[in-house]
Amino acid sequence: MIKTIEWKDGKVKMIDQSKLPLKEEFFECSDYECVIDAIKSMKIRGAPAIGVAAAMGIALGAKNTLVNDADELLKEIDVICEKMRNTRPTAINLFWAIERMRKVVFSNTWAGVEGIKNALENEAIKIANEDVEVNKKMGELGAPLIKNGDGILTHCNAGSLATVKYGTALAPIYHSFKEGKKIHIYVDETRPRLQGARLTIWELNKENIPATLITDNMAGYFMAKGKIDKVFVGSDRIATNGDAANKIGTYSLAILAKEHKIPFYVVAPTSTIDFNVSSGNEIPIEERDESEVTHIGGVQIAPDGISVVNPAFDVTPHRLITAIVTEKGILYPPFEVKIENLRP
Ligand code: MRU
């Protein structure tokens, strides 16, 4: 399984997800502006991967600075953090990683410019390594929810590509497959950006996991046919009441799952919980360019001059979620107290 992002020889190496599945190309960023561009243009995407990229971008920004005064460096880092915050608004992992990096700056001001630079590089690498461990843990904990013979539906890409390695929603799937369970994954193509068609089925194929691509509007059909036993999705931000924001279309799947009495699981690390947000209504939803709806692969599919909206995420209310799998355990409803107990 490839590493989506890594710190290598003082640069940030990433797989270019905008080129997949047609080209498997890696690129390197040697300055923070390049990382910002990668997040904005979705060369790297997926909540945990965005967080790791932001952390590494901040470390790069500090590394390249020409200032030799700690106070000046703090000012520069503040500017970089602010630019990072403005890349994408929904995934809380981005803001979580930025805050972790800022804390490291404050606890190392005594160490001077070089000390701060080193501490930031170490912290970014630590965040990336922790991501791998956390995903492995969610894989182990979530795997018992999957039975031999299960058909599982997933949406968007909550796999290895959305993290450093292993993924969130796909982690229990990878783990179950390794244990020898016979499973079949149904992958929603995930309009408008087609993360399912371009990324999820690509990575499942690479791991030889049986998988079938469907368009988003086929989910109900296959549920009614009895092909889907469980739904596994990731999340970009979870409110303290258990409401979970994820790729647009996730909410509709949760309603369909309820109607068909199919368990609906959200798999997300505790870094995806926003302890400052008490319900999904408060989660900011990214609005993306209209062209993502009016065009597919650069080809215009709708008339000129029409009205278009393009929210990138929706919120699944907690009442539709069977359980939330975190690295600290599986949470079952009612979620509020259990989530509160995880507050750092
Ligand atoms: O717009 P994207 O591709 O960054 O959206 C990604 C998702 O919605 C994932 O499901 C989410 O980040 C959780 S996966 C780790």
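Here the residue numbering is sequential within each chain, running from 1 through the sequence in written order. In view of the model being predicted, local features appear only for residues whose pLDDT reaches at least 70, and side-chain atom pairs are presented and counted only at 80 or more, with totals across whole chains, interfaces and linings using the full set of residues. The basis for every side-chain value is the complete set of non-hydrogen atoms in the structure, without hydrogens or water.

Peer 1: Which parts of the structure should I look at to understand the packing of aromatic side chains?
Peer 2: Given two aromatic rings, their pairing is described by the distance between the two centres and the angle made by the two planes. Here the aromatic set is Phe, Tyr and Trp, taking the six-membered ring for Trp, and pairing holds for ring centres within 6.5 Å; pairs whose planes are under 30 degrees apart are stacked, those over 60 apart are edge-to-face, and all others are tilted. Scanning all chains against the criterion turns up three aromatic pairs. A ring is considered to have a charge above it if a Lys NZ or an Arg CZ atom is located within 6 Å of its centre and within 35 degrees of its normal. Above the ring of Phe27, the side-chain terminus of Lys43 is found at 5.6 Å from the ring centroid. The cationic tip of Lys247 hangs over the ring face of Phe313; the distance from NZ or CZ to the ring centre is 4.1 Å.

Peer 1: I would appreciate a short explanation of the sheet that holds strand β14 (residues 323-326) in the present structure.
Peer 2: Read from one edge of the open sheet, seven strands run β6-β5-β4-β7-β10-β14-β15, paired in mixed fashion. What marks the edges here is a single partner per strand, and that holds for β6 (211-214) and β15 (329-331). When strand polarity is set aside, the average angle formed by the axes of neighbouring strands in this sheet is 25°. Pairing between two strands is assigned when DSSP locates at least 2 bridges connecting them. Going along the chain from the N terminus, every DSSP run of H or I of four or more residues is numbered as a helix, and every run of E of two or more is numbered as a strand. Across three bridges, β14 lies against β15 in antiparallel orientation. When the sheet's bridge partners are listed, Ile324 is paired in β15 with Leu331. Most of the contacts of helix α9 (residues 250-259) go to strand β10 (residues 264-267), to which it runs at about 145°, and overall it touches β4 (151-154), β5 (184-188), β7 (230-233) and β10. Axis geometry follows a simple rule: fit a line to the C-alpha atoms, using only the stretch in contact for helices, then measure angles between N-to-C directions, giving values from 0 to 180 degrees. Two residues qualify as a contact provided that any one of their heavy atoms is within 4.5 Å of a heavy atom in the partner residue.

Peer 1: I tried to follow the nonpolar core on my own but got confused; where do I start?
Peer 2: Side chains of nonpolar character tend, in soluble globular proteins, to be buried together. Only buried residues count toward a nonpolar core, which is a set of Ala, Val, Leu, Ile, Met, Phe, Trp, Tyr and Cys residues joined through side-chain atoms within 4.5 Å. Here the term buried applies to any residue with accessible area under 20% of the maximum for its type, exposed to any over 50%, and partly exposed to those in between, with areas from a 1.4 Å probe on protein chains only. If you look at the biggest cluster of nonpolar residues, it comprises 50 residues, and the most contacted ones within it are Ile5, Val12, Met14, Val35, Ile77, Met84 and Leu120. Put simply, the parts of the chain that give this core at least two residues each are β1 (5-8), β2 (11-15), β3 (26-29), α1 (32-40), α2 (47-63), α3 (70-85), α4 (92-107) and α5 (112-142). Residue contributions to this core peak at 12 residues, all from α2. In this view, Ile5 contacts Val12, Lys13, Met14, Ile44, Val52, Ala53, Met56 and Val164; residues no more than four positions away in its chain are not counted.

Peer 1: How should I be thinking about α1 in this particular structure?
Peer 2: Residue pairs three or four apart in sequence face the same way in an α-helix, which turns once every 3.6 residues. Along α1, the residues that are buried comprise Tyr32, Val35, Ile36, Ala38 and Ile39. Buried residues of α1 fall within an arc of 160° about the axis and therefore sit on the same side. In this structure, the buried side of α1 is in contact with β2, β3, α2, α3 and α4. Once α1 ends, the next one or two residues include Met42, with phi positive near 65°. Think of the arc as the fan of directions from the helix axis to the C-beta atoms.

Peer 1: Help me out: how do you make sense of the pattern of salt bridges in this one?
Peer 2: Two side chains bearing opposite charge may form a pair once their charged atoms approach each other closely. In the sections that follow, a salt bridge refers to a side-chain nitrogen of Lys or Arg positioned within 4 Å of a carboxyl oxygen of Asp or Glu. Overall, the coordinates contain 23 salt bridges when judged by the stated rule. For the salt bridge of Glu25 with Lys19, the shortest nitrogen-to-oxygen distance reads 3.0 Å. Linked by salt bridges that have partners in common, Asp78, Glu82, Arg85, Glu99 and Arg102 make up one network.

Peer 1: Which parts of the structure should I look at to understand the side chain of Thr200?
Peer 2: By the element assignment, Thr200 lies in helix α7 (residues 195-206). The buried category is assigned to Thr200, whose relative accessible area is 0%.

Peer 1: Help me understand the state of the cysteines in this model?
Peer 2: Disulfides are covalent bonds that link the sulfur atoms of two cysteine residues. Cysteine sulfur atoms are paired as a disulfide whenever they fall within 2.5 Å. Per the stated rule, a full pass over the model turns up one disulfide. Between the sulfur atoms of Cys29 and its disulfide partner Cys34 the distance amounts to 2.0 Å. Judged by the torsion about the S-S bond (-65°), the Cys29/Cys34 disulfide is left-handed. Just so you know, Cys81 is unpaired, no disulfide at all, and the nearest cysteine sulfur is the one on Cys29, 17 Å from it.

Peer 1: Where do I start with the site of the ligand in this structure?
Peer 2: Throughout, the term near means that a residue has one or more heavy atoms lying within 4 Å of the molecule or strand in question. The immediate surroundings of the ligand are formed by 18 residues, with Ala47, Arg88, Gln195, Asn246 and Lys247 found nearest. Pairs of N or O atoms within 3.5 Å make up the polar contacts considered here, provided that, within protein, one atom can donate a hydrogen while the other can accept it, and that residues adjacent in sequence are counted only when both atoms are side-chain atoms. Backbone polar atom of Gly46 to an oxygen atom of the ligand: 3.0 Å apart, as the coordinates give it. Here the ligand has 410 Å² of accessible area as a free molecule, and 100% of this is covered by the chains. Elements represented by at least two residues in the shell around the ligand include exactly α2 and β9 (244-247). To measure how exposed things are, a 1.4 Å probe is used in the Shrake-Rupley method; for residues, cover is taken only from the protein chains shown.

Peer 1: Explain the packing of α3 against α4 to me, please; I cannot follow it from the model alone.
Peer 2: When two helices pack together, their arrangement is given by the angle between the helix axes and the distance between those axes. In the contact formed by α3 and α4, the axes pass within 10 Å of each other and the chain directions differ by 175°. Taken together, the axes of α3 and α4 are roughly antiparallel relative to one another. From α3, Leu74, Ile77, Asp78, Cys81, Met84 and Arg85 reach across to α4, where they touch Leu94, Phe95, Ile98, Glu99, Arg102 and Val105. By the convention adopted, Pro, Cys, Tyr, Trp, Phe, Met, Ile, Leu, Val and Ala count as nonpolar, Lys, Arg, Asp and Glu as charged, and the other residues, Gly among them, as polar. Tallied by class, residues from the contact of α3 with α4 come to eight nonpolar, no polar and four charged. Orientation labels follow simple angle bins: below 35 degrees gives roughly parallel, above 145 gives roughly antiparallel, 65 to 115 gives roughly perpendicular, and whatever is left gives oblique.

Peer 1: Would you explain the sheet that holds β2 in this entry?
Peer 2: Hydrogen bonding along the main chain pairs the strands of a sheet, whether they run parallel or antiparallel. Taken in spatial order, the three strands of this open sheet run β1-β2-β3, and their pairing is antiparallel. Every other strand in the sheet has two partners, leaving β1 and β3 as the edge strands with one partner each. Recorded for the sheet is a direction-independent mean angle of 25° between the axes of neighbouring strands. As defined by bridge partners, β1 adjoins β2 across four bridges and the pair is classed as antiparallel. In the strand pairing of β2, Lys8 is matched with Lys11. Where α1 meets the sheet, its contacts fall on β2 and β3, and the angle it forms with β3 comes to roughly 135°.

None of this, on its own, says anything about what the molecule does.
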